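# Structural characterization, general
Each chain, written out:
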Amino acid sequence: MCNTNWAGNYAYRAARLHHPHTVEALRKLVARADKLKVLGTRHSFNDIADTDGDLVSLAHLNRVLALDMDATHPSVTIEAGVTYGQLAHHLHAGGYALPNLASLPHISVAGACATATHGSGDDNGILATSVRAVELISADGEVKRFSREHEEFRGAVVALGGLGAMTELTLDIVPAFDARQEVYQDLPLTEFAEHFDAIMSSAYSVSLFTDWRTSGFNQLWLKQRGAATIDPESFGATPARQRLHPIAGISAENCTEQLGIPGPWHERLPHFRMDFMPSAGEELQSEYFVPRERAIAALRAIDAMSERIAPHLQISEVRSIAADDLWMSPCHRQPCIAIHFTWRKDWPAVRALLPVIEAQLSPFDARPHWGKLFTIFPAQLQPLYPKLEDFRNLLRKYDSRGKFRNAFLDRYVFG
């Protein structure tokens, strides 16, 4: 079996790996296991999905089960192994879309939602905010359903794999739409700081990329649904005359279409094309969420240590995310700016650097992405989640013997 994650930086310790083809087979696996965790597409960079017991891949549970075309509240129900790329093609063929997508369409919907993964846009929440209902197999082997109308749902979507083995999700959908992607280069940090709200709200989805070698952003990506609201050239940026990869020196062939050419939503909202290598491949990733009103101060703190960061970095990305009410979401009750780091694959160097970055971001109550690399102490992280005790109680209620607990949950949730 392949015993590592996608990036190859983490080797799973599980004794066994299973590939069930049916929900009933999965239910039997859960019922008889002492310890069990579920794998999505292995895009986490830490031990959040590991166990010393049984690992289960949901790769074969990848059907789109139902498309509800209700005029007021259309939705789609899928099995938990479906990826965003698979779902997007199915929805678009039926005239529908998801409100937002991550930069990589390769990741599974269930895994992305469970770890609070996000796309971008002032009005777009994390991907889990599209979930209307979730079904999972709890520790006793029985199917449980959590829907948006119930309070426990708010702890069940971003559950960090601790509540059970997810089998189905029902998601809100919208009519299919076209978008276009325009890229600008060389936006000074001073201009960004002065016009922060105008820039971040200027498109349906906004991404800024920097290698922190200069005090500014190498690229500004605007994913538009309607007319542009600003002209980035007035802030010192220049339009890109050719397609660009976020990382200098890498071909843009695996990136979605740019240069303002309109196209279907699922071919513009991600950064990378489904059939090509996402990002750089050989990499490590970290990401920190800071409250939106503290974003400029946080970015200046990172800029102040750019000489230490740049030698180990491939690229850094800045995006905005709307507030939500999901208990373990980094955007719980606060809109955030996410500062993402794609590192060179040198864990000793990154491991030494992360505590320094986290110390710089600590005054801004930075919350790390659950599925990426961080070194923040649990005692510092836990007070940032006001619903943590409710989440603990939810996990104890449905998994009293800790079947789905692992070292990660023991550290950051129960530690």
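Whatever comes next refers back to the structure up there.
A brief look at the structure comes next. (Residues numbered from 1 in each chain as written. Predicted model: local features only at pLDDT ≥ 70, side-chain atom pairs only at ≥ 80, totals over all residues. Heavy atoms only, no water.)

### Observations concerning helix α7 (residues 295-303)
Since the α-helix advances by 3.6 residues per turn, residues separated by three or four positions end up pointing in the same direction. Most of α7 is tucked away: seven of the nine residues are buried. Taken together, the buried positions of α7 are occupied by A295, I296, A298, L299, A301, I302 and D303. (Buried < 20%, exposed > 50% of the residue type's maximum accessible area, 1.4 Å probe, protein only. Helix = DSSP H or I, 4+ residues; strand = E, 2+ residues; numbered from the N terminus.)

### Quick notes on the pattern of salt bridges
Scanning the entire structure with this criterion turns up 25 salt bridges. For E24, the salt bridge is made with R27, and the minimal N-O distance between the two is 2.8 Å. Of this pair, E24 and R27 both sit in helix α1 (residues 23-32), three residues apart, which is roughly one turn of that helix. Residue classification places E24 among the partly exposed residues on the basis of a relative accessible area of 39%. One salt bridge in this structure joins R396 and E389, with 3.5 Å as the shortest N-O distance. Among the ionic contacts, a cluster of salt bridges with common partners joins E287, E317, R319 and K372. (Salt bridge = Lys/Arg side-chain N within 4 Å of Asp/Glu carboxyl O.)

### Let's talk about the packing of aromatic side chains
By convention here, two paired aromatic rings are described through the distance between centres and the angle between planes. Throughout the structure, instances matching the rule amount to 15 aromatic pairs. Taken together, a centroid distance of 5.3 Å and an interplanar angle of 80 degrees make the contact between F146 and Y398 edge-to-face. Taken together, the residues F146 in strand β8 (residues 143-147) and Y398 in helix α11 (residues 388-398) connect sequence positions 252 residues apart. You'll find F146 and Y398 in the same group, each marked buried. Where F192 meets F217, the ring centres are 5.0 Å apart and the plane angle is 70 degrees; that geometry is what we call edge-to-face. Note that F192 is positioned in helix α5 (residues 189-194) and F217 in strand β13 (residues 216-224), a separation of 25 residues in sequence. (Phe/Tyr/Trp six-rings, centres within 6.5 Å; stacked < 30°, edge-to-face > 60°.)

### What to know about the sheet that holds strand β4 (residues 64-68)
The strand order across the open sheet formed by five strands is β4-β5-β9-β7-β8, and the pairing between neighbours is antiparallel. Edge positions in the sheet fall to β4 and β8, since each of these pairs with one other strand and no more. Ignoring which end each strand starts from, the neighbouring axes of this sheet average 15 degrees apart. Across five bridges, the pairing between strand β5 (residues 75-79) and strand β9 (residues 165-172) is antiparallel. Bridging from a neighbouring strand, S75 pairs with D172 of β9. Packing against the sheet, α1 makes contact with β5, β7 (131-137) and β9, and its axis sits at approximately 135 degrees to β9. (Pairing = 2+ DSSP bridges. Axes fitted to C-alpha atoms, helices over the stretch in contact; angles between N-to-C directions. Contact = heavy atoms within 4.5 Å.)

### A short note on the environment of A240
Along the chain, A240 falls in the loop between β14 (238-239) and β15 (263-264). As a C-alpha pair, A240 and F272 span 32 residues in sequence and 18 Å in three-dimensional space. With residues near it in sequence (within four places) discarded, A240 still touches V183, Y184, Q185 and L259.

### Digging into the state of the cysteines
Across all of its chains, the model carries zero disulfides by this definition. There is no disulfide at C331, and the cysteine sulfur nearest it, in C336, is 3.8 Å away. C331 gets classed as buried once you look at its relative accessible area, which sits at 0%. By relative accessible area, which is 0% here, C336 ends up buried. (Disulfide = S-S within 2.5 Å.)

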